[in-house]
Amino acid sequence: MWPRIARIYWDPWRNIPIVKPRQEEIDLYYVVRLSEPGDARPAFQGDLEKLEKAIIHEYGSPDLHRRFFENRFILLNKTPHWDHMWEVVASGNVLGQLYYDPFREKWRFRLTYSGALLALEDKLVREHRVDGPVYTGRVVEGSGVTDNQVVVVDSRNRIRGLAEKYGDRLVIVKTFHDKSRPVETSDKPASIHDVLKHNEDGLKTLEESSKRFLEKLHARYSLPVIMSYSGGKDSLIALDLTVKALGGGEMVFNDTGLELPETLANVKEVSEKYGLKLHVASAGDAFWRGMEVFGPPGKDYRWCCKIAKLVPIAKLTRALWPNGAFNIVGQRAYESLDRAKSPRVWRNKWIPHLITTSPIQYWGQLSGWLYIFKYNLPFNKLYLKGFDRLGCFLCPSSTLAEFKDIEETYPELWAKWMSILEYWRRSLNQPEEWIKLGLWRWLTPASAKKRIARHVQGYTIDWRDEYRRRLLASSVNLAPTAKTQDGDGLRLVFNRKVVRDEYKSVLRVNAEGLGFSYREGDGGIEISTPNTNIVIKEDRVDAKPFALGESLEDLVDVLKMIYRMYGCVKCGSCVLWVPRGCARLTPQGPVLENKVDEKVRRQYLESCPISDQLVEKVVVPLILDNPKAFKRPSRKRLKF
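About the cut-offs
- Residues numbered from 1 in each chain as written.
- Predicted model: local features only at pLDDT ≥ 70, side-chain atom pairs only at ≥ 80, totals over all residues.
- Heavy atoms only, no water.
- Helix = DSSP H or I, 4+ residues; strand = E, 2+ residues; numbered from the N terminus.
- Rg over C-alpha atoms; globule rule 2.2 N^0.38 Å.
- Buried < 20%, exposed > 50% of the residue type's maximum accessible area, 1.4 Å probe, protein only.
- Contact = heavy atoms within 4.5 Å.
- Areas by Shrake-Rupley, 256 points an atom, 1.4 Å probe, with all protein chains shown as cover.
- Lys, Arg positive; Asp, Glu negative; His and termini not counted.
- Charge placed at Lys NZ, Arg CZ, Asp CG, Glu CD.
- Expected span 1.5 Å × (residues − 1).
- Pairing = 2+ DSSP bridges.
- Axes fitted to C-alpha atoms, helices over the stretch in contact; angles between N-to-C directions.
- Disulfide = S-S within 2.5 Å.
- Polar contact = N/O pair within 3.5 Å; in protein donor to acceptor, adjacent residues only side chain to side chain.
- Phe/Tyr/Trp six-rings, centres within 6.5 Å; stacked < 30°, edge-to-face > 60°.
- Lys NZ or Arg CZ within 6 Å of the ring centre and 35° of its normal.
- Core = buried A, V, L, I, M, F, W, Y, C linked by side-chain atoms within 4.5 Å.

## Considerations on the overall build of the protein chain
Okay, so step 1: Along the protein chain, the regular secondary structure elements total 21 helices and 27 strands.
Okay, so step 2: Relative to the 2.2 N^0.38 estimate, which gives 26 Å for 640 residues, the radius of gyration of the protein chain is 28 Å and therefore close to what a compact globule would have.
Okay, so step 3: Across the 640 residues that make up the protein chain, the buried fraction comes to 58%.
Okay, so step 4: In the protein chain, once contacts between residues fewer than 6 apart in sequence are set aside, the share between residues at least 24 apart is 65%.
Okay, so step 5: When the accessible surface of the protein chain is totalled, it reaches about 27,600 Å², and 47% of it is carbon and sulfur.
Okay, so step 6: Charged side chains of the protein chain number 100 positive and 81 negative; the gap between the two group centres comes to 3 Å.

Now the structure itself:
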């Protein structure tokens, strides 16, 4: 799947990882066998504490932890799991998997084949003989077993898998398919100082290559230099490289209003250490206001990024650098498939005046951390506690394991979020597991959501009911409750009067400004386009003729105008992306000042998070009876 793989070598004699060996030494090392993309990082104190507790939970003793992991340089490599799982590398081998079990709300540990083989040789774990076939899910007699986990062997003494204890029985939870023997190493103790000493040349090569890249690119784009700093490790490395290569620049931090205290402190520390002018793109309380309109964000419903990130950044950078700037970020190819496919130089459609690049696009995490340690860079201390990713503390892209860390470290902050989620849980008529198992992290009935929902007894996902309830519980309080198609016409019935009297003037100005014909009479409000005629009367909206394509898109445009009147959170995105003086914000939502062409029409409508997210991903799916309706080919897109 991954177009690019991070490769980590291991020095078997020194018992340390090597990020970039010399060509003449490459045959002295071997490549660590990691799951793709192989972007392993060092384990920190918080990680090691979780690892030791997990091992004690499984085996009742810290002996295995002492033997394999104490005084070793440990790597953690994220691997696919329905929540959070690390491959644990010690002495050059993946010896186990540290994973979070949300049902028991604790970290667990499973041995790999290599780990099981070594652990049995040293009598650190117990084995359990099973006759007959060995397969996942098989239940076998387990009386007398005291550990939570045992290694399963067959009648020929071959290691076949792992079993967990459930009462007096054992359930086989894993079978081994890859039965490669562990590689041999000296098993010497190793420290970060040992690793740094023998990675000096490789780090220098990476550093010089990245600095040359920045120098050449800056010579091509003769623009002011800005460094987007998030408070995370990658943006810190990119910032340090930029200061060394280009002599400095200005620093931009996006304060979403959802940052942890240590992150805010680190931003200030970095700014002062490097003597850089700091600009803060602050979202204020925009997220919390947005929650009243949109409901909880989701991996597939990222309204929060528009309101709390992209719009504040666009406002700040357009004001400070209207003619463009050279923007340095800490993006890496191994973070996600989208980033793996990203070019090294690009323009974001929401901030197209910036030329953006990442000097560490092809750096692995291990290289980055060694660079930080080598130069003693002022990194965010949350990493030492085991935090893997920083940023918005309630991001729906986070795992339940990460949420558990937030809950334990910041109980008051987490309690605030839980109280808001509880309101939405009740409003959406969801079970308690909707919060506990993180089902709120998806809007659509995504496959990952379905996979988790199967663990909730008697629960089925009813996305139509969820979407309607979401709209009704929103401050907008406007939802289509019925739909009929008769001949070539469509009728939508809503829960209340669609256009209240005090909003009619706003709808008229916007409709006429966008090129629609607007008329009021006894029959209601009539909005005409070359493709269809839309009549709004009390709680009904009629479109005739109606067909998928242009007439549908005209109806969607009208709905976007209506929902914006009731739900505008005053983010200012629409005003930002149309010509100066073309639109203004009012208590009844955005209002056009004059008639606009098709390009500005799209900018005015589609740059709005309510249009882009609430209408496209909640309202339109209800109308078309398809949760993926926002992917329709005829959908009108934002044009810059």
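There is more to say after this.
## Looking at helix α18 (residues 550–567)
Okay, so step 1: Its 18 residues give α18 an end-to-end C-alpha distance of 25 Å, which sits within 8% of 26 Å, the value for a rise of 1.5 Å per residue.
Okay, so step 2: Counting buried positions along α18 gives 17 out of 18 residues, so the element sits mostly inside the fold.

## Remarks on the sheet that holds strand β25 (residues 540–544)
Okay, so step 1: With respect to topology, 6 strands assemble into an open sheet ordered β20-β21-β25-β24-β23-β22, the strand pairing being antiparallel. Strands at the two margins of the open sheet, each flanked by one partner only, are β20 (480–486) and β22 (517–521). Neighbour to neighbour, the strand axes of the sheet diverge by 15° on average, direction disregarded.
Okay, so step 2: Set on the sheet, α18 makes contact with β20, β21 (489–494), β23 (524–528), β24 (533–537) and β25; between it and β24 the angle comes to about 35°.

## Some details on the sheet that holds strand β6 (residues 85–90)
Okay, so step 1: The 5 strands lie next to each other as β4-β5-β6-β7-β8, forming an open sheet whose pairing is antiparallel. Whereas interior strands pair on both sides, the edge strands pair on one side only; in this sheet they are β4 (41–42) and β8 (106–111).

## Digging into the state of the cysteines
What makes a disulfide is a covalent bond joining the sulfur atoms belonging to two cysteines.
Okay, so step 1: Taken as a whole, this structure holds 0 disulfides when the rule is applied.
Okay, so step 2: Left unpaired, C304 is separated from the closest cysteine sulfur, that of C305, by 4.5 Å.
Okay, so step 3: Of all cysteine sulfurs in the structure, the one in C395 sits closest to C392, which takes part in no disulfide; the separation is 6.2 Å.

## Digging into the environment of R344
Okay, so step 1: Along the polypeptide, R344 turns up in the loop between α10 (337–340) and β18 (345–348).
Okay, so step 2: Taking the relative accessible area as the measure of exposure, R344 reaches 22% and is therefore partly exposed.
Okay, so step 3: Taking the C-alpha atoms as reference points, R344 and R441, 97 residues apart in sequence, are found 30 Å from one another.
Okay, so step 4: Among the polar contacts listed, one links the side chain of R344 to the backbone oxygen of S358, at a separation of 3.5 Å.

## Focus: the packing of aromatic side chains
Okay, so step 1: Taken as a whole, this structure holds 26 aromatic pairs when the rule is applied.
Okay, so step 2: Between F287 and W417, the aromatic rings sit 6.0 Å apart at their centres with planes inclined by 50°, giving tilted as the arrangement. Taken together, the residues F287 in helix α8 (residues 286–294) and W417 in helix α13 (residues 411–427) connect sequence positions 130 residues apart. Both residues of the pair, F287 and W417, count as buried.
Okay, so step 3: Taken together, F287, W288, F294, Y301, W303, F393, F403, W414, W417 and W440 form an aromatic cluster joined through their ring pairs.
Okay, so step 4: Here the guanidinium or amino end of K244 rests over the ring plane of Y375, the centre of that ring lying 3.3 Å away.
Okay, so step 5: The aromatic ring of F213 is capped on one face by R344, whose charged end is 3.7 Å from the ring centroid.

## Observations regarding the pairing of strand β5 (residues 75–78)
Working note: regular strand, side chains alternate between the two faces of the sheet.
Okay, so step 1: With 2 bridges joining them, β4 and β5 adopt antiparallel strand pairing. Along β5, the bridge assignment pairs P42 with L75.
Okay, so step 2: As defined by bridge partners, β5 adjoins β6 across 4 bridges and the pair is classed as antiparallel. Bridge pairing in β6 places K78 opposite W86.
Okay, so step 3: Where β5 folds back on β6, the antiparallel hairpin that results is connected by 6 residues.

## What about the nonpolar core?
Soluble globular proteins: nonpolar side chains tend toward being buried together.
Okay, so step 1: Formed by 167 residues in total, the largest nonpolar core has its most connected members in F69 and I536.
Okay, so step 2: Top element by residues in this core is α18. It accounts for 10 residues.
Okay, so step 3: Leave out the neighbours within four places in its chain, and F69 touches L51, I55, L64, I74, V88, A90, L95 and F109.

## Section: unusual backbone geometry
Okay, so step 1: The peptide bond linking E36 to P37 adopts the cis configuration, its omega dihedral lying at 5°.
Okay, so step 2: Positionally, P37 belongs in the loop between β3 (30–31) and β4.
Okay, so step 3: Even without being glycine, E105 reaches a positive phi, approximately 55°.
Okay, so step 4: One can find E105 in the loop between β7 (93–101) and β8.
Okay, so step 5: Look at E105 and you get partly exposed, because its relative accessible area is 41%.

## Remarks on the side chain of N327
Okay, so step 1: In this structure, N327 sits in strand β17 (residues 325–328).
Okay, so step 2: On the basis of relative accessible area, N327 is assigned to the buried category, the value being 3%.
Okay, so step 3: At a separation of 2.7 Å, a polar atom in the side chain of N327 contacts the side chain of S228.
Okay, so step 4: Among residues more than four places away in sequence, those in contact with N327 are I226, S228, L354, I355, T356 and T357.

## Quick look at the pairing of strand β26 (residues 583–586)
Okay, so step 1: Relative to strand β27 (residues 589–592), β26 runs antiparallel, the two being bridged by 4 bridges. Considered in β27, the bridge of L585 is made with P590.
Okay, so step 2: Connecting β26 to the antiparallel partner β27 that follows it, the hairpin turn spans 2 residues.

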